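# Fold and geometry: a report
As a plain string of letters, each chain reads:
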Amino acid sequence: MNAKQLIAGGMAALMLVGSAAGSAEQVSAHTLQQEADFHHKTDAQKQESDLKTHEMQTEFYQVDDLQAQTGRYSLKKIQLDTSYSLADSIWADSGSDYYFSLLRTEEKKLYLNLKKQADRYLTGTESFQTTDVDRNGTNATVYILPLISYEGLSTDQMKRVFYCFMYENPQYYFIRNSVIYSENTNRMTVGLYEIFADGAARAEYTRQFAQQLQIWEEQIQAAADILEKEQLIHKIVRDHVAYNEAMATDDPDDKEMSQSCISAVLFEKKTVCAGYAQLFSLLCGRAGITCVTVTSPSHAWNKVRMGNVWYNVDCTWNDCRDEDLFLNVTDEQLLAADTEAREHTLSEEWTDTAPACTEAFDPQQANGEDAPANVLPPNQISDTLSLSSPEAGKLAAAFEAVEGCDGYELQYSQNSAMDTTDQMEAEDASFEISGLKSGQTYFARVRAYRLDCRGEKIYGDFSKKVKGTV
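The following paragraphs examine the structure supplied in this document.

Calculation rules
Residues numbered from 1 in each chain as written. Predicted model: local features only at pLDDT ≥ 70, side-chain atom pairs only at ≥ 80, totals over all residues. Heavy atoms only, no water. Helix = DSSP H or I, 4+ residues; strand = E, 2+ residues; numbered from the N terminus. Buried < 20%, exposed > 50% of the residue type's maximum accessible area, 1.4 Å probe, protein only. Contact = heavy atoms within 4.5 Å. Areas by Shrake-Rupley, 256 points an atom, 1.4 Å probe, with all protein chains shown as cover. 1 Å grid on protein atoms, 1.4 Å probe; cavity = no way out; pocket = protein on both sides within 12 Å on 5 of 7 lines; lining within 4 Å. Points joined across faces, edges and corners; volume = space filled by probe spheres on them. Nonpolar A, V, L, I, M, F, W, Y, C, P; charged D, E, K, R; others polar. Pairing = 2+ DSSP bridges. Axes fitted to C-alpha atoms, helices over the stretch in contact; angles between N-to-C directions. Phe/Tyr/Trp six-rings, centres within 6.5 Å; stacked < 30°, edge-to-face > 60°. Parallel < 35°, antiparallel > 145°, perpendicular 65-115°, else oblique. Left-handed = near helix turned anticlockwise from the far one by under 90°. Core = buried A, V, L, I, M, F, W, Y, C linked by side-chain atoms within 4.5 Å.

Turning our eyes to something else, we now look at the overall build of the protein. Tallying secondary structure elements over the protein gives 11 helices and 21 strands in all. Put simply, the protein has 470 residues, and 53% of those count as buried. Pairs at least 24 apart in sequence give 70% of the contacts found in the protein among residues at least 6 apart. Carbon and sulfur atoms make up 44% of the accessible area of the protein, which totals about 20300 Å².

This paragraph deals with empty space enclosed by the protein. One way to see where empty space is left: roll a probe the size of a water molecule over the atoms. Tallying each qualifying case throughout the model produces three cavities of 30 Å³ or more. Roughly 70 Å³ of internal volume is contained in the largest cavity. Phe165, Met166, Asn169, Pro170, Tyr172, Tyr173, Ile175, Gln259, Ser260, Cys261 and Gln278 are the residues that line the largest cavity. Its residues assigned to classes, the lining of the largest cavity shows seven nonpolar, four polar and no charged.

Taken in spatial order, the four strands line up as β10-β11-β12-β13 in an open sheet, and their pairing is antiparallel. Unpaired on one side and paired on the other, β10 (290-296) and β13 (327-329) mark the two borders of the sheet. Strand-to-strand, the axes of this sheet are offset by a mean angle of 40°, without reference to chain direction. As paired strands, strand β12 (residues 309-313) and β13 are joined by two bridges and run antiparallel to one another. Bridge assignment links Val313 to a residue of β13, and that residue is Leu327.

Turning our eyes to something else, we now look at the sheet that holds strand β18 (residues 430-433). Within the open sheet, the three strands sit side by side as β14-β15-β18. Their pairing is antiparallel. With partners counted over all chains shown, the strands left at the sheet margins are β14 (386-388) and β18, one partner each. Strand-to-strand twist in this sheet, taken as the mean axis angle between neighbours without regard to direction, amounts to 20°. Pairing between β14 and strand β15 (residues 395-398): three bridges, direction antiparallel. Opposite Ser388, over in β15, you have Ala396 as the bridge partner.

In this section: the environment of Ser127. By secondary structure assignment, the location of Ser127 is in the loop between α3 (105-123) and β3 (129-135). The exposure class assigned to Ser127 is partly exposed, which follows from its relative accessible area of 38%. Along the sequence, Ser127 and Ala197 sit 70 residues apart, while their C-alpha atoms lie 5.4 Å from each other. If sequence neighbours within four positions are ignored, Ser127 has contacts with Tyr121, Ala197, Asp198 and Gly199.

In this section: the packing of aromatic side chains. Within the structure shown, the criterion is met by 26 aromatic pairs. Between Trp91 and Phe209 the ring centres are 5.8 Å apart and the planes differ by 5°, which places this aromatic pair in the stacked class. One end of the pair, Trp91, is in the loop between β2 (72-73) and α2 (98-101); the other, Phe209, is in helix α5 (residues 199-221), with 118 residues separating them in the sequence. Comparing Trp91 with Phe209, the two get one shared label, buried. Their ring planes at 25° and their centres at 5.1 Å tell us that Tyr99 and Trp350 sit as a pair that is stacked. Here the residue Tyr99 occupies a position in helix α2, and Trp350 occupies one in the loop between α10 (331-337) and α11 (363-366), the gap between them amounting to 251 residues.

At their nearest, the axes of α3 and helix α4 (residues 155-167) sit 9 Å apart, and the two run at 50° to each other. By the angle between their directions, the pair α3 and α4 is classed as oblique. Read as a crossing pair, α3 and α4 show a hand that is right-handed. Contacts from Glu107, Leu110, Tyr111, Leu114, Lys115 and Ala118 of α3 reach α4 at Gln157, Met158, Arg160, Val161, Cys164 and Phe165. The residue makeup of the contact of α3 with α4, split by class, is eight nonpolar, one polar and three charged.

With that settled, the discussion passes to the nonpolar core. Residues Phe174 and Met188 are the most contacted members of the largest nonpolar core, which totals 94 residues. The element that contributes the greatest number of residues to this core is α4, accounting for eight residues. Counting 19 residues, the second-largest nonpolar core is a separate cluster that includes Leu385, Phe399, Leu436 and Tyr442.

Relative to the elements of secondary structure, Pro170 occurs in the loop between α4 and β6 (175-182). Of the residues examined, Pro170 reaches a relative accessible area of 4% and is grouped as buried. It is 6.4 Å that separates the C-alpha atoms of Pro170 and Gly95, two residues lying 75 residues apart in sequence. Filtering out sequence-adjacent residues up to four positions away, Pro170 remains in contact with Gly95, Cys261, Gln278, Ser281 and Leu282.

By themselves, these figures tell us nothing about what the structure is for.
So this is what it looks like as structure tokens:
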């Protein structure tokens, strides 16, 4: 790999930006010139590309049934299982929650179950489970997460959840780009790298992984602003990683861990595009910058949000060409730079999921106010809450559903001040309260919630209080 160069503030000669201190006319003229330079360089690169493309297809194994050593986790159990809490994990926020925020409630539950089981392995010393699959007519033992039910979801929805989970949680470095599932039983699991199967050995790898991340984070935290942080992360990835032209990504066991950031952090520190993208995403996430990984059939790169605007970043192309030409560029610019392999044409799994990058880069805007959190409290329940008594000893609460929420909490009390309350939760916009005393008046209020990427509930405001008599 060629010698790396320090990223200059603002990427003056390579990025499509103007001087932060210049006039609007100067910025416009500078941008037009850089646009011309960009197309001139990328046209030349099309003629002489030295970057070998690699398959980015997920490996899916469909089996009649799934058998593992222990553990089957239901989607519905996510609401009740308190044996492991992501809220207490130092790793749970290392990725992004942008894809998670786009999922439906049942999809979020599958995502959270996958995350809980991966986090158990990352923070603990339990050895991996195994199952057997038929690989081209040969029986093969593979290492897996505990089995999880995807009942209530289609197979396509299950696969969508896996893509979202896989590409915005690079901290779970032992996860392979593979899924084993049974449509007969609606169970699925995810393939894991054999080298990390032993719990004690994995704990040591995690320690080394965390140690290296901490070194980088201390450097990143010292940066003056968001743009400088992003530029430094890009530089760290380019400086630390070498492109592995000979990496055997078609190996079904992927012994070189080509699809994981661990190949870029430890071992030989050589990887392919997926390793570059996952490492860039990981460092951005830990620095508080919203970043996701996306893929085409032959390539992986990042989309990063700064100042509430999304941009493309392709660390692999920049490193292999020893330039910063593909840092903070639009979708149009990336597509214009592609060869016949169409490296930046998104795979269909990212339809309606990957953010669009349409605005030319502006350093002032990049350091502006970012978008709010990806998972926000839901709206307040409108004034539609009503209580009725359909039969003795019961009250029924009904109200207008809130769009985009994951469930509701109802509080009720005999006290109009509601100093002490009982509460119930449900995913539908109705409740039935039983075991009440006939003739007694009760007061009730309801609020909606959304699940965040730790499985915690983020509540909206309570509705107005209403009363009803049993």
